[in-house]
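# Working through the structure, step by step
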Amino acid sequence: MSRMNSVIEAAGLTKRFGDVVAADGVTFSIGRGQVLGLLGPNGAGKTTAVKMLTTLLSIDSGSARIAGFDVARDPESVRQVIGLAGQAAAVDEKLTARENLELFARLYKLPRNRRRSRINELIDRFDMGSFADRPAATYSGGQRRRLDIVAALVAEPLALFLDEPTTGLDPRGRAEVWDSVRALAAAGTAILLTTQYLDEADRLADHIVVIDQGRTVATGTPVELKAEVGRDILEIHVPTDGDFARARELTAAVPGASVNADRRQVDVPITEGAEQSLRLLRTLEESGVRIDDFQLRQPTLDDTFLALTGSPTKPLEEVQP
Ligand SMILES: Nc1ncnc2c1ncn2[C@@H]1O[C@H](COP(=O)(O)OP(=O)(O)O)[C@@H](O)[C@H]1O
Ligand SMILES: [Mg+2]
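As the structure is a prediction and not an experimental result, all values here were calculated from the model.

About the criteria used
- Residues numbered from 1 in each chain as written.
- Chains lettered and ligands numbered in written order.
- Predicted model: local features only at pLDDT ≥ 70, side-chain atom pairs only at ≥ 80, totals over all residues.
- Near = placed C-beta within 6 Å.
- Helix = DSSP H or I, 4+ residues; strand = E, 2+ residues; numbered from the N terminus.
- Nonpolar A, V, L, I, M, F, W, Y, C, P; charged D, E, K, R; others polar.
- Domains from an automatic or database assignment.
- Pairing = 2+ DSSP bridges.
- Axes fitted to C-alpha atoms, helices over the stretch in contact; angles between N-to-C directions.
- Contact = placed C-beta atoms within 7 Å.
- Core = buried A, V, L, I, M, F, W, Y, C linked by C-beta atoms within 7 Å.
- Buried ≥ 20, exposed ≤ 12 C-beta atoms within 10 Å, placed from the backbone.

### With respect to the site of ligand 1
Near ligand 1 the following residues occur: Phe 17, Val 20, Ala 22, Gly 40, Asn 42, Gly 43, Ala 44, Gly 45, Lys 46, Thr 47 and Thr 48. At the level of secondary structure, the elements contributing two or more residues to the shell around ligand 1 comprise strand E2 (20-31) and helix H1 (46-53). Split by residue class, the shell around ligand 1 holds four nonpolar, six polar and one charged.

Here is the structure:
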């Protein structure tokens, strides 16, 4: 991407808290209408990066520009072209969506004569008509998060920062947020979205930066990231817990092998082609392991993440309330 087209630019962003390097040379750029997924587990440094980019936290070293404005030197200009939404909703529960948006419009100093039309437009565009005149306390998780995001849009930001916008939402709420993100990108907003969910980054992001303990461990399109790991996975299902225990033992030494006890499934990365698959299946058979079913498949983004960071990602169902 050429520098001229980028709306959000981070170059070597670094932040230390005592001994912890929360962000260590984070670098990327995001153009108009693009979504960048900043992907990483809890504590990876996602919020730290977002806070530096949105002027909420000073930058130790490196630099950032938003719409050409230097974040450290010209924070006032930066604040006028960005929107920020995330887990901690800045929404007043006692007020309706419409009243909340009016507050934000005043906060962003939107001219009085444009406030009403802007708010009506947002309520229409994000399909909030059915609940916009009820107090926010009565909203579903998805409706509340949508209001939080829409509040960040009142001043028509060029750059939008969404810090884990779907964490804690049920599948329906998550789908609602995804629709909003897609609509915003289609309208030309540059979006930085942080997430712990690989499928979310896979679905929404044009480009993904994977960070772990502040450091970038991989970057690329979802397709490139999957290809980078570049190996197939032999997925084996066995019928009993006894078979599972033996299969687990026999595959433990293969680098990158992983197991799922509930599904009695063993996943083994295959790096030496068909011969390795055959050898492995033969070994299992000769050791008396019965096999229900096996298949050779392409790695998912989850496998990729495991390979890159050495830690599995959180399955979506585990983090739902
Ligand atoms: N204000 C702070 N003081 C000290 N340590 C912090 C502070 N904010 C974040 N950290 C540490 O920095 C690291 C990255 O945190 P954070 O950016 O919140 O990660 P993420 O948003 O990816 O979960 C963590 O180890 C966290 O404990
Ligand atoms: Mg965070």
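### Details of the domain arrangement of the protein
By a widely used convention, the size of an interface equals the accessible area lost when the partners come together. Taken as a whole, the protein is organised into domain 1 (3-227) and domain 2 (231-298). Its C-alpha centre places domain 1 at a distance of 41 Å from the equivalent point of domain 2.

### As for the sheet that holds strand E10 (residues 215-220)
Spatial ordering of the open sheet is given by E6-E7-E8-E3-E9-E10, a layout of six strands whose pairing is mixed. Every interior strand has two partners, whereas the edge strands, strand E6 (82-86) and E10, have only one. Ignoring which end each strand starts from, the neighbouring axes of this sheet average 15° apart. Packing of helix H6 (residues 171-186) onto the sheet brings it into contact with strand E3 (35-39), strand E7 (159-163) and strand E8 (190-195), and relative to E8 it is tilted by some 155°.

### A word on the nonpolar core
One recurring pattern in soluble globular proteins is that nonpolar side chains are buried together. Counting residues in hydrophobic clusters, the biggest one holds 69 residues, and the most contacted among them are Leu 53 and Ile 191. The element best represented in this core is E2, accounting for five residues. With 11 residues, the next largest nonpolar core counts Ile 233, Ile 236, Val 266 and Val 268 among its residues.

### Remarks on the environment of Arg 125
Here Arg 125 lies in helix H4 (residues 112-125). Classification of Arg 125 by C-beta neighbours within 10 Å gives partly exposed; the count is 14. Spatially, the C-alpha atom of Arg 125 lies 39 Å from that of Asp 60, the residues being 65 residues apart in sequence.

### Considerations on the pairing of E8
When you tally the buried positions in E8, you get six out of six residues, the bulk of the element. Neither face of E8 is exposed, since Ala 190, Leu 192 and Thr 194 on one face and Ile 191, Leu 193 and Thr 195 on the opposite face are all buried. Where E3 lies against E8, five bridges are found, and the strand directions are parallel. Across the sheet, residue Leu 39 finds its bridge partner in E8, namely Thr 195. Note that E7 and E8 share five bridges and pair parallel. Bridge pairing in E8 places Asp 163 opposite Thr 194.

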